[in-house]
Amino acid sequence: MRFAGSLARQLSHPRGQSGRLLGSAMDLVNRRPLRLALERLAIEPGEDVLDAGCGTGAALAQMRRSRPGSLTGVDRSEIMVAMARRSLGTAATLIPGDLAAMPFDDCCMDAALALNVLYFDDAEHGFVRELHRVLRPGGRMVAYVTHRQAMDGWAFARAGLHRLYDAPALRDALVGGGFAEADVEVHDVAVTRSIRGLFGLARRAG
(Lines give C-alpha, C1' and ligand atoms only; values in the text may rest on other atoms or scores of the structure.)
Protein backbone atom coordinates (compact mmCIF):
# COMPACT_ATOMS: atom_id res chain seq x y z
CA MET A 1 0.00 0.00 0.00
CA ARG A 2 2.94 2.32 0.60
CA PHE A 3 3.95 2.00 -3.06
CA ALA A 4 0.37 2.65 -4.18
CA GLY A 5 0.26 5.85 -2.12
CA SER A 6 3.60 7.00 -3.50
CA LEU A 7 2.43 6.35 -7.07
CA ALA A 8 -0.82 8.22 -6.45
CA ARG A 9 1.12 11.24 -5.16
CA GLN A 10 3.42 11.20 -8.19
CA LEU A 11 0.46 10.96 -10.55
CA SER A 12 -1.17 13.95 -8.89
CA HIS A 13 2.05 16.02 -8.85
CA PRO A 14 5.13 14.47 -10.54
CA ARG A 15 8.44 15.35 -8.89
CA GLY A 16 12.11 14.49 -9.36
CA GLN A 17 13.53 11.68 -11.46
CA SER A 18 10.60 9.42 -10.61
CA GLY A 19 8.27 12.08 -11.96
CA ARG A 20 10.23 12.29 -15.22
CA LEU A 21 10.06 8.53 -15.69
CA LEU A 22 6.36 8.49 -14.87
CA GLY A 23 5.68 11.27 -17.37
CA SER A 24 7.33 9.30 -20.15
CA ALA A 25 5.45 6.15 -19.16
CA MET A 26 2.12 7.97 -19.14
CA ASP A 27 2.78 9.27 -22.65
CA LEU A 28 2.88 5.65 -23.82
CA VAL A 29 -0.21 4.62 -21.86
CA ASN A 30 -2.20 7.63 -23.05
CA ARG A 31 -1.51 7.43 -26.77
CA ARG A 32 -4.97 6.16 -27.70
CA PRO A 33 -6.95 8.35 -25.26
CA LEU A 34 -4.94 11.35 -26.50
CA ARG A 35 -5.68 10.59 -30.14
CA LEU A 36 -9.39 10.12 -29.45
CA ALA A 37 -9.55 13.29 -27.34
CA LEU A 38 -7.92 15.40 -30.06
CA GLU A 39 -10.29 13.98 -32.66
CA ARG A 40 -13.18 15.21 -30.52
CA LEU A 41 -11.58 18.58 -29.86
CA ALA A 42 -11.24 19.12 -33.63
CA ILE A 43 -8.90 22.11 -33.53
CA GLU A 44 -9.32 24.55 -36.42
CA PRO A 45 -6.43 26.55 -37.91
CA GLY A 46 -5.93 29.84 -36.10
CA GLU A 47 -7.64 28.81 -32.86
CA ASP A 48 -6.11 29.55 -29.46
CA VAL A 49 -5.83 26.26 -27.56
CA LEU A 50 -5.13 25.40 -23.92
CA ASP A 51 -3.84 22.08 -22.59
CA ALA A 52 -4.71 22.07 -18.87
CA GLY A 53 -2.42 19.57 -17.19
CA CYS A 54 -0.11 19.40 -20.19
CA GLY A 55 2.41 16.96 -18.72
CA THR A 56 5.37 16.41 -21.01
CA GLY A 57 3.72 18.31 -23.87
CA ALA A 58 2.76 15.23 -25.89
CA ALA A 59 -0.71 16.58 -26.69
CA LEU A 60 0.61 20.02 -27.59
CA ALA A 61 3.09 18.41 -29.98
CA GLN A 62 0.17 16.71 -31.75
CA MET A 63 -1.87 19.92 -31.78
CA ARG A 64 0.79 21.73 -33.82
CA ARG A 65 -0.35 19.77 -36.88
CA SER A 66 -3.65 21.67 -36.80
CA ARG A 67 -1.89 25.04 -37.28
CA PRO A 68 -3.48 26.72 -34.24
CA GLY A 69 -3.21 30.41 -33.58
CA SER A 70 -1.54 29.78 -30.24
CA LEU A 71 -0.79 26.84 -27.95
CA THR A 72 -0.63 27.16 -24.18
CA GLY A 73 0.08 24.47 -21.61
CA VAL A 74 -0.32 24.65 -17.84
CA ASP A 75 0.79 22.04 -15.33
CA ARG A 76 1.33 22.26 -11.60
CA SER A 77 4.43 20.07 -11.89
CA GLU A 78 7.55 22.07 -12.73
CA ILE A 79 9.22 18.81 -13.83
CA MET A 80 6.50 18.25 -16.43
CA VAL A 81 6.70 21.85 -17.65
CA ALA A 82 10.49 21.53 -18.01
CA MET A 83 10.07 18.34 -20.06
CA ALA A 84 7.48 20.05 -22.26
CA ARG A 85 9.78 23.02 -22.84
CA ARG A 86 12.61 20.75 -23.96
CA SER A 87 10.25 19.03 -26.38
CA LEU A 88 8.38 22.04 -27.75
CA GLY A 89 10.80 24.94 -27.55
CA THR A 90 8.98 28.10 -28.57
CA ALA A 91 6.05 26.30 -30.21
CA ALA A 92 3.93 26.71 -27.07
CA THR A 93 3.66 28.94 -24.03
CA LEU A 94 4.25 26.71 -21.00
CA ILE A 95 3.36 27.79 -17.47
CA PRO A 96 3.71 26.02 -14.12
CA GLY A 97 0.63 26.76 -12.05
CA ASP A 98 -2.59 25.81 -10.35
CA LEU A 99 -5.29 24.60 -12.75
CA ALA A 100 -7.92 26.10 -10.44
CA ALA A 101 -6.37 29.58 -10.70
CA MET A 102 -4.84 29.98 -14.14
CA PRO A 103 -3.23 33.34 -15.03
CA PHE A 104 -5.42 34.06 -18.06
CA ASP A 105 -8.09 36.62 -18.90
CA ASP A 106 -11.70 35.55 -19.20
CA CYS A 107 -12.81 34.31 -22.62
CA CYS A 108 -9.34 34.01 -24.16
CA MET A 109 -9.30 30.42 -25.53
CA ASP A 110 -11.22 28.71 -28.31
CA ALA A 111 -10.57 25.15 -27.16
CA ALA A 112 -9.20 23.32 -24.14
CA LEU A 113 -8.03 19.81 -23.35
CA ALA A 114 -8.11 18.23 -19.87
CA LEU A 115 -6.56 14.77 -20.19
CA ASN A 116 -6.41 12.74 -16.97
CA VAL A 117 -6.59 15.77 -14.65
CA LEU A 118 -10.15 15.78 -13.30
CA TYR A 119 -9.20 13.00 -10.89
CA PHE A 120 -7.57 15.75 -8.83
CA ASP A 121 -10.32 18.36 -9.01
CA ASP A 122 -11.99 19.54 -5.81
CA ALA A 123 -15.59 19.13 -4.70
CA GLU A 124 -16.43 22.59 -6.09
CA HIS A 125 -15.09 21.59 -9.55
CA GLY A 126 -12.44 24.32 -9.50
CA PHE A 127 -10.57 22.97 -12.55
CA VAL A 128 -13.74 22.83 -14.62
CA ARG A 129 -14.81 26.31 -13.51
CA GLU A 130 -11.48 27.72 -14.68
CA LEU A 131 -11.79 25.99 -18.04
CA HIS A 132 -15.29 27.39 -18.45
CA ARG A 133 -14.03 30.87 -17.49
CA VAL A 134 -11.20 31.00 -20.01
CA LEU A 135 -13.22 29.67 -22.95
CA ARG A 136 -14.74 32.14 -25.37
CA PRO A 137 -18.50 31.90 -25.97
CA GLY A 138 -18.93 28.94 -28.29
CA GLY A 139 -15.56 27.54 -27.24
CA ARG A 140 -15.32 23.89 -26.20
CA MET A 141 -13.34 21.57 -24.01
CA VAL A 142 -12.69 17.85 -24.01
CA ALA A 143 -11.96 16.02 -20.77
CA TYR A 144 -10.80 12.41 -20.52
CA VAL A 145 -10.82 10.11 -17.49
CA THR A 146 -10.60 6.34 -17.20
CA HIS A 147 -13.90 4.81 -16.10
CA ARG A 148 -14.10 4.05 -12.39
CA GLN A 149 -15.02 0.46 -13.26
CA ALA A 150 -11.37 -0.09 -14.19
CA MET A 151 -9.83 2.25 -11.63
CA ASP A 152 -11.63 0.60 -8.71
CA GLY A 153 -9.27 -2.33 -9.28
CA TRP A 154 -6.07 -0.27 -9.18
CA ALA A 155 -4.44 0.10 -5.77
CA PHE A 156 -3.09 3.63 -6.41
CA ALA A 157 -6.60 4.86 -7.23
CA ARG A 158 -7.77 3.70 -3.78
CA ALA A 159 -5.11 5.75 -1.96
CA GLY A 160 -7.51 8.64 -1.50
CA LEU A 161 -6.11 11.17 -3.98
CA HIS A 162 -8.15 10.27 -7.06
CA ARG A 163 -11.76 11.29 -7.68
CA LEU A 164 -13.31 8.47 -9.72
CA TYR A 165 -15.97 8.85 -12.39
CA ASP A 166 -18.66 7.00 -14.20
CA ALA A 167 -20.56 8.73 -17.00
CA PRO A 168 -23.15 10.46 -14.78
CA ALA A 169 -20.44 11.69 -12.39
CA LEU A 170 -18.41 13.19 -15.23
CA ARG A 171 -21.50 14.90 -16.61
CA ASP A 172 -22.29 16.27 -13.14
CA ALA A 173 -18.72 17.62 -12.83
CA LEU A 174 -18.93 19.47 -16.13
CA VAL A 175 -22.35 20.92 -15.35
CA GLY A 176 -21.24 21.74 -11.79
CA GLY A 177 -18.29 23.63 -13.27
CA GLY A 178 -20.55 26.00 -15.18
CA PHE A 179 -21.42 24.34 -18.48
CA ALA A 180 -25.10 24.14 -19.41
CA GLU A 181 -26.45 20.60 -19.25
CA ALA A 182 -27.64 20.85 -22.86
CA ASP A 183 -24.07 21.67 -23.94
CA VAL A 184 -22.45 18.61 -22.34
CA GLU A 185 -21.92 15.18 -23.91
CA VAL A 186 -20.23 12.17 -22.29
CA HIS A 187 -19.10 9.18 -24.33
CA ASP A 188 -18.10 5.82 -22.87
CA VAL A 189 -15.42 4.31 -25.15
CA ALA A 190 -13.27 1.17 -25.07
CA VAL A 191 -9.66 2.39 -25.04
CA THR A 192 -8.23 -1.14 -24.70
CA ARG A 193 -9.86 -4.56 -24.68
CA SER A 194 -10.29 -4.37 -20.91
CA ILE A 195 -10.40 -0.64 -20.09
CA ARG A 196 -13.12 1.87 -20.80
CA GLY A 197 -12.61 5.60 -20.87
CA LEU A 198 -14.95 8.56 -20.61
CA PHE A 199 -14.74 11.54 -22.94
CA GLY A 200 -16.63 14.64 -21.84
CA LEU A 201 -17.26 17.31 -24.48
CA ALA A 202 -18.60 20.62 -23.18
CA ARG A 203 -19.24 23.86 -25.03
CA ARG A 204 -19.52 27.29 -23.43
CA ALA A 205 -22.85 28.84 -24.25
CA GLY A 206 -22.64 31.63 -26.82
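Sequence order as written defines residue numbering, which begins from 1 separately in each chain. Confidence filtering applies because this is a predicted model: local features only for residues at pLDDT of at least 70, side-chain atom pairs given and counted only at 80 or more, and all residues used for totals across whole chains, interfaces and linings. Side-chain figures throughout are based on the complete set of non-hydrogen atoms in the structure, without hydrogens or water.

**Notes on the pairing of strand S1 (residues 48–52)**
Buried means the residue's accessible area, taken with a 1.4 Å probe over protein chains only, is under 20% of the maximum for its type, while exposed means over 50%, and partly exposed covers the values in between. The secondary structure listing takes helices from DSSP runs of H or I that are at least 4 residues long and strands from runs of E that are at least 2 residues long, numbered from the N terminus. With five of its five residues buried, S1 lies for the most part within the structure. Neither face of S1 is open: one carries Asp48, Leu50 and Ala52, the other Val49 and Asp51, and all of them are buried. We call two strands paired when DSSP finds no fewer than two bridges between them. By the bridge criterion, five bridges tie S1 to strand S2 (residues 70–75) in an arrangement that is parallel. Residue pairing in the sheet places Leu50 in a bridge with Thr72 of S2. By the criterion used throughout, a crossover qualifies as right-handed when its path from the first strand across the helix to the second strand runs clockwise, the strands pointing away from the viewer. Viewed along the sheet, the connection from S1 through helix H4 (residues 58–63) into S2 turns out right-handed. Pairing of S1 with strand S4 (residues 109–115) involves three bridges; the strand directions are parallel. Bridging across to S4, Asp51 finds its partner in Leu113.

**What about the pattern of salt bridges?**
By convention in these notes, a salt bridge is any Lys or Arg side-chain nitrogen within 4 Å of a carboxyl oxygen on Asp or Glu. Under the counting rule described, the total for this entry stands at eight salt bridges. With a shortest N-O distance of 2.9 Å, Arg136 and Asp110 are connected by a salt bridge. Taken as a pair, Arg136 in strand S5 (residues 135–146) and Asp110 in strand S4 lie far apart in primary sequence, 26 residues in all. Taking the relative accessible area as the measure of exposure, Arg136 reaches 26% and is therefore partly exposed. Since its relative accessible area comes to 18%, Asp110 is described here as buried. In this structure, the salt-bridge partner of Asp188 is Arg196, at a minimum N-O distance of 2.6 Å. The exposure class of Asp188 is partly exposed, given its relative accessible area of 36%. Beyond isolated ion pairs, a larger network of salt bridges with shared partners links Asp48, Asp110 and Arg136.

**Regarding the packing of helix H2 (residues 16–29) against helix H5 (residues 78–88)**
Between the N-to-C directions of two axes lies an angle of 0 to 180 degrees, each axis being a line fitted to C-alpha atoms and, for a helix, fitted only over the stretch in contact. One can describe the packing of H2 onto H5 by two numbers: an axis separation of 9 Å at closest approach and a directional angle of 55°. One way to sum up the angle between H2 and H5 is to call them oblique. In this structure, H2 meets H5 at a crossing whose hand is right-handed. Here H2 contributes Gly16, Gly19, Arg20, Gly23 and Ser24 to the contact with H5, which in turn contributes Ile79, Met80, Met83 and Arg86. Residues are grouped as follows: nonpolar covers Ala, Val, Leu, Ile, Met, Phe, Trp, Tyr, Cys and Pro; charged covers Asp, Glu, Lys and Arg; every other residue, Gly included, is treated as polar. Broken down by class, the residue content of the contact of H2 with H5 amounts to three nonpolar, four polar and two charged. Note on angle classes: values under 35 degrees are labelled roughly parallel, values over 145 roughly antiparallel, values of 65 to 115 roughly perpendicular, and the remainder oblique. Crossing handedness: left-handed means the near helix sits turned counterclockwise from the far one by under a right angle, and right-handed means the same turn made clockwise. In this description, contact between two residues means that some pair of their heavy atoms is separated by no more than 4.5 Å.

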